[in-house]
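Below, each chain spelled out in residue letters.
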Amino acid sequence: MQPGDRGVGAADHAGAERGSNYMWGPTTGDSWRTDTAVAVGTPYPGEWKNVLRTWTTTRRTRKPTGPGTSTTLTIWFPCVRLPDGTGYELNEEESTSQLVMWAQMAAPLIIGSDPRKLPRSMIDTLRNPEIIAVDQDRLGIQGVRVESSSAGDVYSKVLSGRGRRSVVC
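Residues numbered from 1 in each chain as written. Predicted model: local features only at pLDDT ≥ 70, side-chain atom pairs only at ≥ 80, totals over all residues. Heavy atoms only, no water.

Undergrad: An account of the pattern of salt bridges is requested, with residue identities and associated values reported.
TA: The final tally for this structure, using the stated rule, is three salt bridges. Its salt-bridge partner being Asp124, residue Arg120 comes within 3.1 Å of it at the nearest N-O pair. With Arg120 and Asp124 both in helix α4 (residues 120-126) and four residues apart, the pair spans about one turn of that helix. Judged by relative accessible area, which is 53%, Arg120 ranks as exposed. For Arg145, the salt bridge goes to Asp153, with nearest N and O atoms at 3.5 Å. Classification of Arg145 by relative accessible area gives partly exposed; the value is 36%. Residue Asp153 is classed as partly exposed on the basis of its relative accessible area, which comes to 25%. (Salt bridge = Lys/Arg side-chain N within 4 Å of Asp/Glu carboxyl O. Helix = DSSP H or I, 4+ residues; strand = E, 2+ residues; numbered from the N terminus. Buried < 20%, exposed > 50% of the residue type's maximum accessible area, 1.4 Å probe, protein only.)

See below:
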């Protein structure tokens, strides 16, 4: 992180960086937050911007992770229905993307939705052995951005085993 670089959403959290637990958490515990919670439960559609804010802050404030230590982005709330039943706070594609991003960062995968109310396809995604393996890799290394262009970003994470990596685009 460069001096003065506070990441996305900094205006909402101005002055909070000095007291942010991602600054002191790694020296006192085995897990630390990097941003405020994704505001699921507000309830309104469009929580994706908050997922991206948390992702960007985590990417920019990367602290060493490894066995027994982790960055805790926030609880994963896939496919939470809006109270009026017209849609979701995060749709299935956004929920899947969030899970994959959290796995790439070696974050604890804590589900906050009622699994009994999730679509079968979301349960299948949650149980995907490749996603789980990336998240739970024994090295516990957080992924890093290796490429950025107008088409999007590419992240890579070193995995245990000679020459193994995960790549997320």
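Undergrad: An account of the sheet that holds strand β4 (residues 152-158) is requested, with residue identities and associated values reported.
TA: The sheet built from three strands is open, its strands ordered β3-β4-β5 with antiparallel pairing. Both outer strands of the open sheet, β3 (144-149) and β5 (165-168), are each paired with one neighbouring strand and no more. The mean angle between the axes of side-by-side strands here comes to 20°, regardless of whether they run parallel or antiparallel. The pairing of β4 with β5 spans four bridges and is classified as antiparallel. When the bridges of β5 are listed, Tyr155 appears paired with Val168. Sheet contacts for helix α3 (residues 92-104): β4 and β5; angle to β4, the most-contacted strand, approximately 45°. (Pairing = 2+ DSSP bridges. Axes fitted to C-alpha atoms, helices over the stretch in contact; angles between N-to-C directions. Contact = heavy atoms within 4.5 Å.)

Undergrad: An account of the side chain of Ser156 is needed here, citing residue identities and associated values.
TA: By the element assignment, Ser156 lies in strand β4. Reaching out from Ser156, the side chain makes a polar contact with the side chain of Arg165 at a distance of 2.9 Å. Here the side chain of Ser156 touches Ser166 through a polar contact of 3.5 Å, landing on its backbone oxygen. Among residues more than four places away in sequence, those in contact with Ser156 are Gln104, Gly143, Val144, Val146, Arg165, Ser166 and Val167. (Polar contact = N/O pair within 3.5 Å; in protein donor to acceptor, adjacent residues only side chain to side chain.)

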